[in-house]
Amino acid sequence: MTSEGFRREMPDLNSALEVFEEEQRKLAEFQRKLAETTTVVDAPKKLFTVTLDGNGELTELKFNTTGYRSMPPAELSALITETLQQARRQSLETMQELMGSPMGGTDFNDLASGQADLADVLGKVMEPSLDLVREANGDSPSKSSDRTEDDGWDRT
């Protein structure tokens, strides 16, 4: 085999690396934006305000009035829970907007709720890089719907 023939058989790892680095850059940008994001939701009648950080974690529960003092404990508890759930939904929507589609078109709400398989999502993210390597090897690029072969991810 000549060195020229060998070069033609080598995958274009530079192109694959460039695609991978672009995905890494997108993910880093998403993480930066997420760190700067907060979600603020007021309870009905502005009794209190719930603040979540970019990861959807509660950072503040601020009581704005003393109206909560006359509420039965179960009612106050339900109102806090409902308001926190609303804030988390809004936070997930914000995360999805910030993310756009670097995660292979996966809905962030599905990923966060456990409805999306993380291994499938990572496979979709890596697919463009893997396709470049396959093409360089003379193989046909995979089709995202063709997942019959073992991709190496343990799904048990």
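- Per an unreviewed UniProt entry, the chain goes by the name Conserved DNA-binding protein YbaB and belongs to Actinopolyspora righensis.

**Let's talk about a nonpolar patch on the surface**
Right, on to step 1. A contiguous nonpolar patch, built from Leu 58, Leu 61 and Phe 63 and spanning about 240 Å² of accessible area, is present on the exposed surface.
Right, on to step 2. Along the polypeptide, Phe 63 turns up in strand S3 (residues 58-63).

**Structural notes on the pattern of salt bridges**
Right, on to step 1. Enumeration according to the criterion identifies five salt bridges in this entry.
Right, on to step 2. Residue Glu 23 pairs with Lys 26 through a salt bridge whose shortest N-O separation is 3.6 Å. Note that Glu 23 and Lys 26 are positioned in helix H2 (residues 13-35) at a spacing of three residues, about one turn of the helix.
Right, on to step 3. Of the charged contacts, one joins Arg 32 and Glu 29 as a salt bridge, the two residues approaching to 2.5 Å between their closest N and O atoms. Remark: Glu 29 and Arg 32 occur in helix H2; sequence separation between them is three residues, near one turn of the helix.
Right, on to step 4. On the basis of relative accessibility, which here comes to 39%, the residue Arg 32 falls in the partly exposed class.
Right, on to step 5. Among the ionic contacts, a cluster of salt bridges with common partners joins Glu 29, Arg 32 and Glu 36.

**A word on the packing of aromatic side chains**
Right, on to step 1. One pass over the full model with this rule turns up two aromatic pairs.
Right, on to step 2. Seen in terms of ring centroids, Phe 63 and Tyr 68 are 4.3 Å apart; in terms of plane orientation they differ by 40 degrees. Their pairing is tilted.
Right, on to step 3. Put simply, the rings of Phe 48, Phe 63 and Tyr 68 touch in pairs and so form one group of aromatic residues.

**Description of the UniProt feature "coiled-coil region" (unreviewed entry) in the chain**
Right, on to step 1. On the UniProt side, "coiled-coil region" (unreviewed entry) is annotated at positions that read residues 13-40 here.
Right, on to step 2. For residues 13-40, the end-to-end C-alpha separation is 45 Å, with 82% helix and 11% strand making up the annotated structure.

**Some details on the sheet that holds S3**
Right, on to step 1. Strand order in the open sheet made by the three strands is S1-S2-S3, with antiparallel pairing throughout. Whereas interior strands pair on both sides, the edge strands pair on one side only; in this sheet they are strand S1 (38-42) and S3. On average, each strand axis in the sheet is inclined to that of its neighbour by 15 degrees, with strand direction left out of account.
Right, on to step 2. As paired strands, strand S2 (residues 48-53) and S3 are joined by five bridges and run antiparallel to one another. Paired with Thr 51 across the two strands is Glu 60, which belongs to S3.
Right, on to step 3. Along the sheet face, helix H3 (residues 73-99) touches S1, S2 and S3 and points at about 35 degrees away from the line of S2.

Parameters and conventions
Residues numbered from 1 in each chain as written. Predicted model: local features only at pLDDT ≥ 70, side-chain atom pairs only at ≥ 80, totals over all residues. Heavy atoms only, no water. Patch = residues over 30% accessible without salt bridge, like charges linked within 9 Å, V, L, I, M, F, W, Y side chains within 5 Å. Areas by Shrake-Rupley, 256 points an atom, 1.4 Å probe, with all protein chains shown as cover. Salt bridge = Lys/Arg side-chain N within 4 Å of Asp/Glu carboxyl O. Helix = DSSP H or I, 4+ residues; strand = E, 2+ residues; numbered from the N terminus. Buried < 20%, exposed > 50% of the residue type's maximum accessible area, 1.4 Å probe, protein only. Phe/Tyr/Trp six-rings, centres within 6.5 Å; stacked < 30°, edge-to-face > 60°. UniProt positions renumbered as here; feature names shortened; annotations may be inferred. Pairing = 2+ DSSP bridges. Axes fitted to C-alpha atoms, helices over the stretch in contact; angles between N-to-C directions. Contact = heavy atoms within 4.5 Å.

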